[in-house]
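Fold and contact review
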Amino acid sequence: NPAARQAERDPNAILGEHQLLQAGAEWTTDRYRGFNRLADDSGHQMDTASFFAQDKISFGNRVTATAGLRFDHNSIFGNAVSPKAGVNVRVHDLFRARFSYGRGFRAPDLGQLYFRFLNPTNFYQVIGNPNLRPEKANSLQFGGEFNSRNRRARLGVNVFYNEVENLIDSVSLGFIATESQLAAVATREGIDLTTFRPALGRLLFLYKNISEARTNGVELDGDMNLTRGFNFGGAYTYLEARNLTAHSPLTGRHKHQGNLRLAWESNQRIGLRMNLRGTFFSKWINTLGTTTAANGTVTTTPDVIPPGFALWDFYGAKRIYRGLELFGAVDNFTDSRDPNLNQFAANGTPLPIYRTELGRTFRIGMRFTWAGERK
């Protein structure tokens, strides 16, 4: 079972009218153990201590500059220093522009290092990798936010560029049907899989480091207050993700992704609210194709590209009395699931499953919220 403890402290100091100095420290410890869930059933532990400081300075009422530094000490992977800087400019009363740079550090978590997970309902498994190294990244972002004059509509845009060293990625190694296939995968990846006890007849995912990767793209988001309690909003992300070491696309990433949402809330007397949300994903590369040569014959397998899909959710709630509320939801109400689910090849082998979403799910419950006035 996973367990985590965390303690943190964040002192702030206001220096004059235009400067805010913030500093803090936190300490976390993660422990994970469980029968048949890890390479070692007795479990593992990781401790992290972090210290950070940030100085925010305002120049007039239009420009705010921020500079910060973070120090992390990880009990497994050692020390890391991460600086950051940013500028926020009020170009107009209705438009703000922002720019930021950050150096990032992320150590693998215990699951990525030692996980052993066999999905009980779908034919896939995820295996950890104790040879993983921490991620280090440089990130640049530039964007802005526009508000309409009546503040009823908002549109935001963000352009991002990330260079990542040792990117941790869950990589599909294909459908493993025989012991010889498993042995070949272990030899190719340079990892002892026997301690993880992988199962045959399943799609195998392994956490791996990619020496150098790049992700860049653009994000759009906005919302609009309509009449009679309705609010409409949405977001869209375009992503280019490349493995710079192998000169190939990163797997498991959707080039296009977005959502639409429509919410409605009645007046206070009726106490009813509802929302409808749709999330959309384009097709993606699950497994890259390969080219092999043997006995003068070249064999090429194509990329495995599952189709795009959409997930729709509905939520509604009705206030019963003061802070008591009855709510209900239907998640994935169109019952969108992997098209290969419960499908078999001509030889009787189950077709590989690329998506893990549950089918249509119903939830109902009651919630009580209370609040007291401060004295």
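Because the structure is a prediction, the values reported are computed rather than measured. (Residues numbered from 1 in each chain as written. Predicted model: local features only at pLDDT ≥ 70, side-chain atom pairs only at ≥ 80, totals over all residues. Heavy atoms only, no water.)

Points about the packing of aromatic side chains
Selection criterion: Working definition: rings of Phe, Tyr and Trp (its six-membered ring) pair if their centres are within 6.5 Å, and the pair is stacked with planes under 30 degrees apart, edge-to-face with planes over 60 apart, and tilted otherwise. Labels follow the DSSP assignment, with helices taken as runs of H or I lasting at least four residues and strands as runs of E lasting at least two, numbered in each case from the N terminus. Relative accessibility thresholds used throughout: buried, under 20% of the residue-type maximum; exposed, over 50%; partly exposed, between the two (1.4 Å probe, protein chains only).
Applying the stated rule across the entire model yields seven aromatic pairs. Aromatic pair F230 and W264: ring centres 6.2 Å apart, planes at 40°, arrangement tilted. Separated by 34 residues along the polypeptide, F230 in strand β13 (residues 230–243) and W264 in strand β15 (residues 256–265) bring together distant segments of the chain. Residue F230 is classed as partly exposed on the basis of its relative accessible area, which comes to 33%. W264 gets classed as partly exposed once you look at its relative accessible area, which sits at 23%. Centroid distance F280 to W312: 5.6 Å. Interplanar angle 85°. Geometry classified as edge-to-face. Here W312 lies in strand β19 (residues 309–321) and F280 lies in strand β16 (residues 272–281), a separation of 32 residues in the sequence.

Points about unusual backbone geometry
Its identity as a non-glycine residue notwithstanding, R151 has a phi of 65°, on the positive side. When you line up the elements, R151 lands in the loop between β10 (135–147) and β11 (153–176). By relative accessible area, R151 is classed as partly exposed at 48%. A positive phi is found at N166, a non-glycine position, where the angle reads about 60°.

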